[in-house]
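Observations on the three-dimensional arrangement
Given next are the chains, with one letter for each unit.
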Amino acid sequence: MVKLDVLPERERGVCCVVELEVPAARAAELAEVLKALSDPTRLQMILALRASKDPVCICDFTATFDLSQPTLSHHMAKLRDAGLVEATRQGIWAYYRLKPHLSAHVRKIIDAL
């Protein structure tokens, strides 16, 4: 790292443009994903889905967590809204899995967990 002894001189009222590495649309998508994962329960749910070869029933999460089924369904809805999971219904049960075709940058986040 280069250490500057003297700060560069700036002309008052003239600013430099900072180049952004991530386009605004991608930043918004990543922010939604990170918001969804910021809750400990949702983070654990994503990790369980990532580890599971088969879709997981919401009743399995009810047996795992000390939370009610409506609360777990709320958490799963947040993950669905963030585009991380998809659900299939079989009778009265909903089975969840990670979306198989997540974007590369979202997949990197999940793989880094």
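Below or above, wherever it landed, is the structure these notes cover. (Residues numbered from 1 in each chain as written. Predicted model: local features only at pLDDT ≥ 70, side-chain atom pairs only at ≥ 80, totals over all residues. Heavy atoms only, no water.)

Counting residues in hydrophobic clusters, the biggest one holds 24 residues, and the most contacted among them are F61, M76, L79, L84 and V85. Secondary-structure elements contributing two or more residues to this core are helix 1 (24–37), helix 2 (40–51), helix 3 (58–64), helix 4 (69–81), strand 3 (93–98) and helix 5 (104–112). Counting residues per element, this core draws most heavily on helix 1, at 4 residues. (Core = buried A, V, L, I, M, F, W, Y, C linked by side-chain atoms within 4.5 Å. Buried < 20%, exposed > 50% of the residue type's maximum accessible area, 1.4 Å probe, protein only. Helix = DSSP H or I, 4+ residues; strand = E, 2+ residues; numbered from the N terminus.)

Turning our eyes to something else, we now look at the sheet that holds strand 1 (residues 56–57). In spatial order, the strands read 1-3-2; together these 3 strands make up an open sheet with antiparallel pairing. Edge positions in the sheet fall to strand 1 and strand 2 (85–90), since each has one partner strand and no second. Sheet topology note: the strand 2/strand 3 ladder contains 6 bridges and is antiparallel. Looking across to strand 3, one finds that E86 is bridged to R97. Packing of helix 2 onto the sheet brings it into contact with strand 1, strand 2 and strand 3, and relative to strand 3 it is tilted by some 80 degrees. Of the strands in this sheet, strand 2 and strand 3 touch helix 4, which is tilted by about 125 degrees from strand 2. (Pairing = 2+ DSSP bridges. Contact = heavy atoms within 4.5 Å. Axes fitted to C-alpha atoms, helices over the stretch in contact; angles between N-to-C directions.)

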